[in-house]
There are 2 protein chains.
Amino acid sequence: MDTQNEMKPYVIGLDLGGTNSVFGIVDSRGEIKATTAIKTQGFSNAEDYVSAAVEALRIVIDQVGGIAKIKAMGIGAPNGNYYNGTIEFAPNLKWAHDASIPLAKMFSEQLGGIPVGLTNDANAAAIGEMTYGVARGMKNFIMITLGTGVGSGIVVNGQLVYGHDGFAGELGHVIVRRENGRACGCGRNGCLEAYCSATGVARTAREFLTQTNEASLLRDLKPEEITSLDVSIAAEKGDELAKRIYDYTGEILGEACADFTAFSSPEAFIFFGGLVKAGDLIMNPIKRSYDQHVLKIFRGKAKFLISGLDGASAAVLGASAIGWEL
Amino acid sequence: MDTQNEMKPYVIGLDLGGTNSVFGIVDSRGEIKATTAIKTQGFSNAEDYVSAAVEALRIVIDQVGGIAKIKAMGIGAPNGNYYNGTIEFAPNLKWAHDASIPLAKMFSEQLGGIPVGLTNDANAAAIGEMTYGVARGMKNFIMITLGTGVGSGIVVNGQLVYGHDGFAGELGHVIVRRENGRACGCGRNGCLEAYCSATGVARTAREFLTQTNEASLLRDLKPEEITSLDVSIAAEKGDELAKRIYDYTGEILGEACADFTAFSSPEAFIFFGGLVKAGDLIMNPIKRSYDQHVLKIFRGKAKFLISGLDGASAAVLGASAIGWEL
């Protein structure tokens, strides 16, 4: 650890979610020294949000020795733009849905001018994985987050891919079914996210239940209330239909990863998020499908890994890792 | 120009094609000072090929003032691996089809130890475009070569994307049609190359001619002899069916580019190769399809450009540009 890190041994991470904003003060080994949180919603404008956040933050900053101990802050946020440090037209944030909010600058001004960086949550996860997780030492990998949506963070030559405008890495919106594709929240059809997110898996469950009369534990539930967690529980109990839902989901993910490899030929795909808790149930079909679909010269080369970060703190760790890069 | 470049003002470029190997000695502004060529085939092993190449090269090297004036050499070759400087199992090269040939090292040894770099032809084209062409100053762009096959060179953060194994950027083998996709030379079905290469366009022509009875200038030709050049000539004469062939080709390219943007959000797509000679006939459908299919946040941002390099010398220039990077 260099002198500067000894003097400023911590970074702040902010996982800015649709419901909660979770803050952590993190050291260079990824240990969270202090945490706090506020509700994300309930503010009429961004200024009020930042004020409330900084008020909560000051308490934990004091716990670790004051702002002089903080090197920087990183924010993982929906629709975050790394180049500008802004949140742009985030549909789920009342105080940011119709504007470009210079959130990084606002936090920096309230925190004695420390550098503040911001990117979307999946990119933050990728940086976190590279800093503290299973991607340490990797120069080329792709992080895929399987949550309510499908997100991605792409690392090429050791650097996050932000693209020309700061919005690269939207692999959840690559088209995987061009004919009769499912409607996606983005307004188009056939996106990866419409099949392989938690909601996509629930949708597959409802489709499969309608298409056959096969017995399944999932028939005990109201179709509209089935979640990906229910599918996972049923599959673990040996439910054949539930297992086929994972096979179907993994098949599509494997096909998509095969195309991603033609693009950047990563050393590894790293999966993160609720769906990954199903373990081999989802990972085995992904790998099988990938090997079947990938171009011959790439076969057998890429690793398929599950995130090495603890789920509860991963988002905060990922966000904090941006701070070390500033 | 720095002192070293004044002393060593030239690089050698080698465009190693299936038929001819074309060499150029190039200055830092992309001017070709001398050229020579040998046949690529007819050698039973790689040593004989390199000896013949160096024999031809020595004459032009002497013309520009001897090997002391040469900074480095760049090679664009099929199945070229940048990391190893090898050609690996190139199916169309008799002296390299069943082995990994350390071509960069072999040339370097014969040329007084100058640095020699090697990559595939599409990557070389991308580096050439960045060094001498329309991509000067761009940090994020995608080069797509539409020739006998479909190749690509991807630049992210100002660097070529070689991936973990040196083989990244195979966008011709992204799957664009998952159901009933055309068979591709790679052994899979539905690849971009099977639709949007010169041979893909000729195939589309034969399909369209079979599917309708519509009058077309292309009916004057034997179906199996139709080439993409014939389609281009017919379209320029106003042939409606020929124009629809370009619309169809451009539609698929636009869909594919929309997916590529979700990956790396490039500032520009740059097209090169025989098909591009059709100009607006192919470029307009690509742009139209892209705008229709790309995710909303990317709409209207990317440029669609035609290569700025002279077709005849572009491959040599591209290869030579690798030399400046070494």
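Residues numbered from 1 in each chain as written. Chains lettered and ligands numbered in written order. Predicted model: local features only at pLDDT ≥ 70, side-chain atom pairs only at ≥ 80, totals over all residues. Heavy atoms only, no water.

Student: Is there a simple way to explain the sheet that holds strand β13 (residues 303–306) of chain B in this structure?
Tutor: Paired through their backbone hydrogen bonds, the strands of a sheet run either parallel or antiparallel. Residue and element names in this part refer to chain B. The 5 strands are arranged β11-β10-β9-β12-β13 in an open sheet whose pairing can be described as mixed. For this open sheet the edge positions go to β11 (159–160) and β13, each flanked by a neighbour on one side alone. Summarising the sheet, strand β12 (residues 268–272) and β13 pair through 4 bridges and their orientation is parallel. Residue pairing in the sheet places Ala268 in a bridge with Lys303 of β13. (Pairing = 2+ DSSP bridges. Helix = DSSP H or I, 4+ residues; strand = E, 2+ residues; numbered from the N terminus.)

Student: Is there a simple way to think about the pairing of strand β1 (residues 10–16) of chain B in this case?
Tutor: Looking down a regular strand, the side chains alternate between one sheet face and the other. Residue and element names in this part refer to chain B. Buried residues dominate β1, accounting for 6 of its 7 residues. Across 6 bridges, β1 lies against strand β4 (residues 70–76) in parallel orientation. Directly across from Gly13, in β4, lies its bridge partner Gly74. As defined by bridge partners, β1 adjoins strand β2 (residues 20–26) across 6 bridges and the pair is classed as antiparallel. Residue pairing in the sheet places Asp15 in a bridge with Val22 of β2. Counting the residues between successive antiparallel strands, the hairpin from β1 to β2 contains 3 residues. (Buried < 20%, exposed > 50% of the residue type's maximum accessible area, 1.4 Å probe, protein only.)

Student: I would appreciate a short explanation of the packing of helix α8 (residues 240–264) of chain A against helix α8 (residues 240–264) of chain B in the present structure.
Tutor: The relative placement of two packed helices is expressed as an angle between their axes plus a distance between the axes. Direction vectors running N to C along α8(A) and α8(B) enclose 75 degrees, while the axes themselves pass 11 Å from each other. By the criterion of interaxial angle, the relationship of α8(A) to α8(B) is roughly perpendicular. Seen from α8(A), the contacting residues are A:Phe260, A:Phe263 and A:Ser264; seen from α8(B), they are B:Phe260, B:Phe263 and B:Ser264. Split by residue class, the contact of α8(A) with α8(B) holds 4 nonpolar, 2 polar and no charged. (Axes fitted to C-alpha atoms, helices over the stretch in contact; angles between N-to-C directions. Parallel < 35°, antiparallel > 145°, perpendicular 65-115°, else oblique. Contact = heavy atoms within 4.5 Å. Nonpolar A, V, L, I, M, F, W, Y, C, P; charged D, E, K, R; others polar.)

Student: Just to check I follow, could you spell out the packing of aromatic side chains for this structure?
Tutor: Geometrically, a pair of aromatic rings is defined through the distance of the ring centres and the angle of the planes. Residues and elements named next belong to chain A. Using the criterion set out here, one finds 27 aromatic pairs over all chains in the structure. Centre to centre, the rings of Tyr290 and Phe304 are 4.8 Å apart; their planes meet at 65 degrees, and the pair counts as edge-to-face. Placement of Tyr290 in helix α9 (residues 280–293) and of Phe304 in strand β13 (residues 303–306) is noted, with a sequence separation of 14 residues between them. We note that Tyr290, like Phe304, is buried. (Phe/Tyr/Trp six-rings, centres within 6.5 Å; stacked < 30°, edge-to-face > 60°.)

Student: Can you walk me through the relation of the copies chain B and chain A in this structure?
Tutor: Two copies of one chain are present, and they are related through a rotation about an axis combined with an axial shift. The transform that puts chain B on chain A rotates by 180 degrees and translates by 0.0 Å along the axis, for an RMSD of 0.0 Å. Taken together, the rotation angle and the small translation identify this as a two-fold axis. A share of 100% of interface residues in chain B that are also interface residues in chain A marks the association as one of identical surfaces. (Least-squares fit on C-alpha atoms with pLDDT ≥ 70 in both.)

Student: Got a minute to help me understand the pattern of salt bridges in this structure?
Tutor: Pairs can form between side chains of opposite charge whenever their charged atoms are close. All names here are of chain A. Per the stated rule, a full pass over the model turns up 26 salt bridges over all chains. The partner of Asp27 in a salt bridge is Lys33, with the nearest N and O atoms 3.8 Å apart. Owing to a relative accessible area of 8%, Asp27 belongs among the buried residues under this scheme. Each member of the salt-bridge network shares a partner with another, and the members are Asp27, Arg29, Glu31 and Lys33. (Salt bridge = Lys/Arg side-chain N within 4 Å of Asp/Glu carboxyl O.)

Student: Is there a simple way to think about the pairing of β12(B) in this case?
Tutor: Residues and elements named next belong to chain B. Within β12, 5 of the 5 residues are buried, which leaves it mostly tucked inside the rest of the structure. Here β12 shows no split at all, with Ala268, Ile270 and Phe272 on one side and Phe269 and Phe271 on the other all buried. Across 5 bridges, the pairing between strand β9 (residues 141–146) and β12 is parallel. Looking at β12, one finds that Met143 is bridged to Ile270. Once the chain exits β12 it traverses helix α9 (residues 280–293) before rejoining the sheet at β13, and the crossover so formed is right-handed. (Right-handed = clockwise from strand over helix to strand, strands pointing away.)

Student: Whenever I open this one, helix α7 (residues 228–236) of chain B confuses me. Can you help?
Tutor: Note: α-helices contain 3.6 residues per turn, so residues at a spacing of three or four share the same orientation. All names here are of chain B. Among the residues of α7, those classed as buried are Ser228, Val231, Ser232, Ala234 and Ala235. Buried positions in α7, seen along its axis, are confined to an arc of 165 degrees and lie on one side of it. Among the exposed residues of α7, those oriented more than 90 degrees off its buried face are Leu229 and Glu236. The secondary structure elements touched by the buried residues of α7 are α6 (198–211), α8 and α9. Gly238 lies just past α7 and shows a positive phi near 95 degrees. (Arc of directions from axis to C-beta.)

Student: Would you explain the interface of chain B and chain A in this entry?
Tutor: Quoted interface sizes are often the accessible area lost when the parts come together. Counting from both sides, the interface comprises 40 residues of chain B and, opposite them, 40 residues of chain A. For the pair chain B and chain A, the two sides together bury roughly 3,600 Å², of which 56% comes from carbon and sulfur. Of all residues in chain B, B:His164, B:Arg178 and B:Phe263 give up the largest surface area on contact with chain A, accounting jointly for 22% of the area buried on that side. Linking chain B with chain A are 6 salt bridges. Our enumeration of links across chain B and chain A arrives at 24 residue pairs in polar contact (both at pLDDT 80 or more). (Buried area = accessible area lost by both parts, 1.4 Å probe. Polar contact = N/O pair within 3.5 Å; in protein donor to acceptor, adjacent residues only side chain to side chain.)

Student: When you look at the environment of B:Asp98 in this model, what are you seeing that I'm missing?
Tutor: Note on placement: B:Asp98 falls in the loop between β6 (86–88) and β7 (100–101). Sequence-wise, B:Asp98 and B:Ser28 are 70 residues apart; in three dimensions their C-alpha atoms are separated by 36 Å.

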